[in-house]
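As a plain string of letters, each chain reads:
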Amino acid sequence: MKSLKEIKDLKNKKVLLRVDFNVPIGKEGSVDKGEDWRIRATLPTIEYLIKKHAKIILLSHLGRPDGKVVEEFRLGPVQDRLSELLGLSVIKTPDCTGNVVRETVDEMKAGEIVLLENLRFHKEEEENDDNFAKELASLGDIYVNDAFSVSHRAHASVHAITRHLPSYAGLLLEKEIGILTDAINNPKRPATIIIGGAKAETKLPVIKYLMDKFDHILVGGVVANVILKAKGIDIGKSLLAIWIRKKLKK
Ligand code: 3PG
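Predicted, not measured: the structure shown is a model, and the values here were computed from it. (Residues numbered from 1 in each chain as written. Predicted model: local features only at pLDDT ≥ 70, side-chain atom pairs only at ≥ 80, totals over all residues. Heavy atoms only, no water.)

Draft legend 1. Representation of the overall build of the chain within the structure. The helix and strand inventory of the chain stands at 9 helices and 9 strands. Over its C-alpha atoms the chain spans a radius of gyration of 20 Å, differing by no more than 12% from the 18 Å that the globule rule assigns to 250 residues. With the C-alpha coordinates aligned to their principal axes, the bounding extent of the chain is approximately 60 × 40 × 35 Å. Contacts spanning at least 24 positions in sequence make up 72% of the contacts within the chain whose residues lie at least 6 apart. (Helix = DSSP H or I, 4+ residues; strand = E, 2+ residues; numbered from the N terminus. Rg over C-alpha atoms; globule rule 2.2 N^0.38 Å. Contact = heavy atoms within 4.5 Å.)

Draft legend 2. Seen up close, the site of the ligand. Near the ligand you find Asp20, Asn22, Arg38, His61, Arg64, Arg120, Ser149, Val150, Arg153 and Lys199, and these make up its full shell. Contacts to the ligand include Asn22, whose side-chain N or O atom sits 3.0 Å from an oxygen atom. In the environment of the ligand, an oxygen atom lies 2.6 Å from a nitrogen or oxygen atom belonging to the side chain of Arg153. In isolation the ligand offers 310 Å² of accessible surface; the protein chains occlude 89% of this area. When grouped by side-chain class, the residues that make up the shell around the ligand number 1 nonpolar, 3 polar and 6 charged. (Near = heavy atom within 4 Å. Polar contact = N/O pair within 3.5 Å; in protein donor to acceptor, adjacent residues only side chain to side chain. Areas by Shrake-Rupley, 256 points an atom, 1.4 Å probe, with all protein chains shown as cover. Nonpolar A, V, L, I, M, F, W, Y, C, P; charged D, E, K, R; others polar.)

Draft legend 3. Spatial organisation of the nonpolar core. Counting residues in each nonpolar core, the largest one holds 29 residues, and the members touching the most others are Leu10, Leu58 and Leu82. Those elements that place two or more of their residues in this core are strand 2 (14-18), helix 1 (37-51), strand 3 (55-59), helix 2 (76-86), strand 5 (113-115) and strand 6 (142-145). No other element matches helix 1, which puts 5 residues into this core. Counting 20 residues, the second-largest nonpolar core is a separate cluster that includes Met108, Leu116, Leu139 and Ile161. (Core = buried A, V, L, I, M, F, W, Y, C linked by side-chain atoms within 4.5 Å. Buried < 20%, exposed > 50% of the residue type's maximum accessible area, 1.4 Å probe, protein only.)

Draft legend 4. Structural detail: the layout of surface pockets. Approximately 1,300 Å³ is the volume attributed to the largest pocket. For the largest pocket, the lining is made up of 38 residues, of which Arg38, Phe148, Ser149, His152 and Lys203 are closest to its centre. Contributing elements (two or more residues each) for the lining of the largest pocket: helix 1, helix 6 (171-185), strand 8 (192-195) and helix 7 (200-210). Taken together, the residues of the lining of the largest pocket sort by class into 17 nonpolar, 10 polar and 11 charged. Taken domain by domain, the lining of the largest pocket gets at least three of its residues from each of domain 1 (2-174) and domain 2 (187-249). What the second largest pocket holds in volume is close to 230 Å³. If one sorts the elements of the lining of the second largest pocket by residue count, helix 9 (residues 242-249) sits on top with 4 residues. (1 Å grid on protein atoms, 1.4 Å probe; cavity = no way out; pocket = protein on both sides within 12 Å on 5 of 7 lines; lining within 4 Å. Points joined across faces, edges and corners; volume = space filled by probe spheres on them. Domains from an automatic or database assignment.)

Draft legend 5. Inspection of the sheet that holds strand 5 at higher detail. The 7 strands lie next to each other as 1-7-6-2-3-5-4, forming an open sheet whose pairing is parallel. In the strand order of this sheet, the two ends are held by strand 1 (2-3) and strand 4 (91-92), each with one partner. Looking at chain direction, strand 6 and strand 7 (residues 167-169) are connected through 3 bridges and run parallel. From the neighbouring strand, Tyr143 faces strand 7, where its bridge partner is Ser167. (Pairing = 2+ DSSP bridges.)

Draft legend 6. Structural detail: the environment of Val144. Structurally, Val144 can be placed in strand 6. Overall, Val144 belongs to the buried group, its relative accessible area being 0%. Separated by 90 residues in the primary sequence, Val144 and Ala54 place their C-alpha atoms 12 Å from one another. Among all residues touching Val144, those that are not within four sequence positions of it are Leu4, Val15, Leu16, Leu17, Arg18, Tyr168, Ala169 and Gly170.

Draft legend 7. Highlighting the pairing of strand 6. Of the two faces of strand 6, the one carrying Ile142 and Val144 and the one carrying Tyr143 and Asn145 are both buried. Here strand 2 pairs with strand 6 via 4 bridges, running parallel. What sits directly across from Arg18, in strand 6, is Asn145.

Draft legend 8. Looking closely at the pattern of salt bridges. Under the counting rule described, the total for this entry stands at 13 salt bridges. Linking Glu117 and Arg74 is a salt bridge whose minimum nitrogen-to-oxygen distance equals 3.1 Å. On the criterion of sequence distance, the pair formed by Glu117 in the loop between strand 5 and helix 4 (123-126) and Arg74 in the loop between strand 3 and helix 2 is long-range, its members being 43 residues apart. Here Asp215 and Arg189 are joined by a salt bridge, their closest N and O atoms 3.2 Å apart. Here Asp215 is found in the loop between helix 7 and strand 9 (216-219), whereas its partner Arg189 is found in the loop between helix 6 and strand 8, with 26 residues between them in sequence. Judged by relative accessible area, Asp215 falls into the partly exposed class, the value being 39%. Overlapping salt bridges, with partners in common, bring together Asp36, Arg40, Arg81 and Glu84 in one network. (Salt bridge = Lys/Arg side-chain N within 4 Å of Asp/Glu carboxyl O.)

Below you can see the structure in the form of structure tokens.
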């Protein structure tokens, strides 16, 4: 994928920027304190686009609402936190497609930011539906992926959309790929990698791939629990990945 920095003229261009604002929302309905790092990480790309006088249309998912509107997964709290961090007003649309979205985008001025509502309120997003991707694409001139953490998903806003617009990598995506490529290809020996998190199903193939590239692999969180459980070790009430829990219930 080409780099966003290769685009010569971004002035007044409508840039669809796919970000990953999948952040925990607290009980009081705002982004949990200290959990806004995914929003902060995209600021360099957003600020770069503002400086270049582009019109910035942000696309994100939040949670797993399974193709339905789920109030707790609305992006309002993200809009508020992003506005605070940028010191600028961010407009949010009530949906990610439809007339209101189109009108809002048509009225945008250079340097303005519009955040579209949660993509996963439409089942077509996770189905990688080409018509849905086309509709999203019709809102912009250029597509930029800055969402490394969801780039393993063949979803409409990550995959199908690239068939319909000139597509580029954002500054964050480039940085993350650069750091990872370096760590995997030129690790300083002895090299140890630490892997944790809740979604063990996507981590286990990665661990397998990295096994002969690193000297040690340390696992924590749910990933460790799954491995311990598979070895027959009692993990008490510790969390297991959802898909394992489902399998064990069968
Ligand atoms: C994540 O938090 O890992 C990414 O946002 C992807 O979310 P997903 O696992 O629900 O696709």
